[in-house]
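Reading the structure
Single-letter residue listing:
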Amino acid sequence: TVTNGGAPTAVGCVAFRDLRLVGPVGPRTLTFAAPGLAATSAGPFDLARGPLAQLVLLEGGAQAGFAGAPLAQPVVVVATDANTTPPLNVIPGVAVTFAPASGSGSVAPGAPVTTDAQGRATVTWTLGAGGGAQSLAASAAGLAAPLTVG
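Okay, so let's go over this structure.

About the cut-offs
Residues numbered from 1 in each chain as written. Predicted model: local features only at pLDDT ≥ 70, side-chain atom pairs only at ≥ 80, totals over all residues. Heavy atoms only, no water. Helix = DSSP H or I, 4+ residues; strand = E, 2+ residues; numbered from the N terminus. Buried < 20%, exposed > 50% of the residue type's maximum accessible area, 1.4 Å probe, protein only. Lys, Arg positive; Asp, Glu negative; His and termini not counted. Salt bridge = Lys/Arg side-chain N within 4 Å of Asp/Glu carboxyl O. Polar contact = N/O pair within 3.5 Å; in protein donor to acceptor, adjacent residues only side chain to side chain. Contact = heavy atoms within 4.5 Å. Pairing = 2+ DSSP bridges. Core = buried A, V, L, I, M, F, W, Y, C linked by side-chain atoms within 4.5 Å. Axes fitted to C-alpha atoms, helices over the stretch in contact; angles between N-to-C directions. 1 Å grid on protein atoms, 1.4 Å probe; cavity = no way out; pocket = protein on both sides within 12 Å on 5 of 7 lines; lining within 4 Å. Points joined across faces, edges and corners; volume = space filled by probe spheres on them. Nonpolar A, V, L, I, M, F, W, Y, C, P; charged D, E, K, R; others polar. Patch = residues over 30% accessible without salt bridge, like charges linked within 9 Å, V, L, I, M, F, W, Y side chains within 5 Å. Areas by Shrake-Rupley, 256 points an atom, 1.4 Å probe, with all protein chains shown as cover.

Here's the deal with the side chain of D81
Looking at the element boundaries, D81 is found in the loop between β6 (75–80) and β7 (95–100). Although D81 lies buried, it forms no salt bridge, and the closest oppositely charged side chain, R49, sits 6.3 Å away as judged by the N-O distance. Separated by 2.9 Å, the side chain of D81 and the backbone nitrogen of G50 make a polar contact. Filtering out sequence-adjacent residues up to four positions away, D81 remains in contact with R49, G50, P51, A53, Q54, N89 and I91.

Pasting the structure below:
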């Protein structure tokens, strides 16, 4: 089946426009086959990491704590590309800003945190003085919406 905009030409060639491959980084080979025809392969080639697509909560969600006190575990997010199939394609060097909602305390460090070699950014969250639900937003340039924790 020809998909993704490919259409056979008069001589039986198929051109693919906007072909997109998503998955873990590493070597790949494409195989093309059709009934009655010998299969042919293209490759090998390396599937590279894509641009930043999302922040994923790795640790520190769904915690309970005392008003005005730091949570027991740090909040850890990981920056990844569009691949959602493990293993995730992590992106080091992304500046992540953590911003507590009004009344939801503070984070340390307070400046943007750059993701490490494993794509992780970590902060310690100290809850606000008031009781009740509190939340923290993690954002990075290029993302449409922040990740909300809490």
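There's more to say after this.
Some details on the sheet that holds strand β11 (residues 136–140)
Strand order in this open sheet of four strands is β9-β7-β11-β12, and the pairing throughout is antiparallel. Two strands in the sheet have a free side with no partner beyond their single neighbour: β9 (113–114) and β12 (147–149). Pairing analysis gives three bridges linking β11 to β12, with the strands arranged antiparallel. Bridging across to β12, A137 finds its partner in T148.

What about unusual backbone geometry?
Here the bond from G43 into P44 is cis, since omega is 5°, no more than 30 degrees from zero. Assignment of secondary structure puts P44 in strand β4 (residues 40–47). For A62, which is not glycine, the phi torsion reads 55° and is therefore positive. When you line up the elements, A62 lands in the loop between β5 (54–59) and β6.

Some points on the nonpolar core
Membership of the largest hydrophobic core comes to 21 residues, with the highest contact counts inside it found for L55, V96, F98, W125 and L136. Where this core is concerned, the elements lending two or more residues are β6, β7, β10 (120–126), β11 and β12. For L55, the residues in contact, after removing those within four places along its chain, are V78, A79, V96, A138, S139, A140, L143 and L147.

Considering the sheet that holds strand β8 (residues 106–108)
Sheet architecture is open: four strands sit in the order β5-β6-β10-β8, paired in antiparallel fashion. The outermost strands of the open sheet, each flanked by one partner alone, are β5 and β8. Adjacent strand axes in the sheet meet at a mean angle of 35° when their direction is disregarded. The pairing of β5 with β6 spans five bridges and is classified as antiparallel. Residue E59 lies in a different strand from β6, and its bridge partner there is V76.

Observations concerning the layout of surface pockets
Looking at the second largest pocket, its volume works out to about 160 Å³. What lines the second largest pocket is a set of 17 residues, among which Q63, W125, L127, G132 and Q134 lie closest to the centre. Among the residues making up the lining of the second largest pocket, the classes are represented as eight nonpolar, nine polar and no charged.

Observations concerning a nonpolar patch on the surface
Residues V14, F16, L19, L21 and F32 make up a contiguous nonpolar surface patch of roughly 400 Å² in combined accessible area. Mapping L19 onto the fold places it in the loop between β2 (14–15) and β3 (26–32).

Nothing here speaks to function; it is all geometry.
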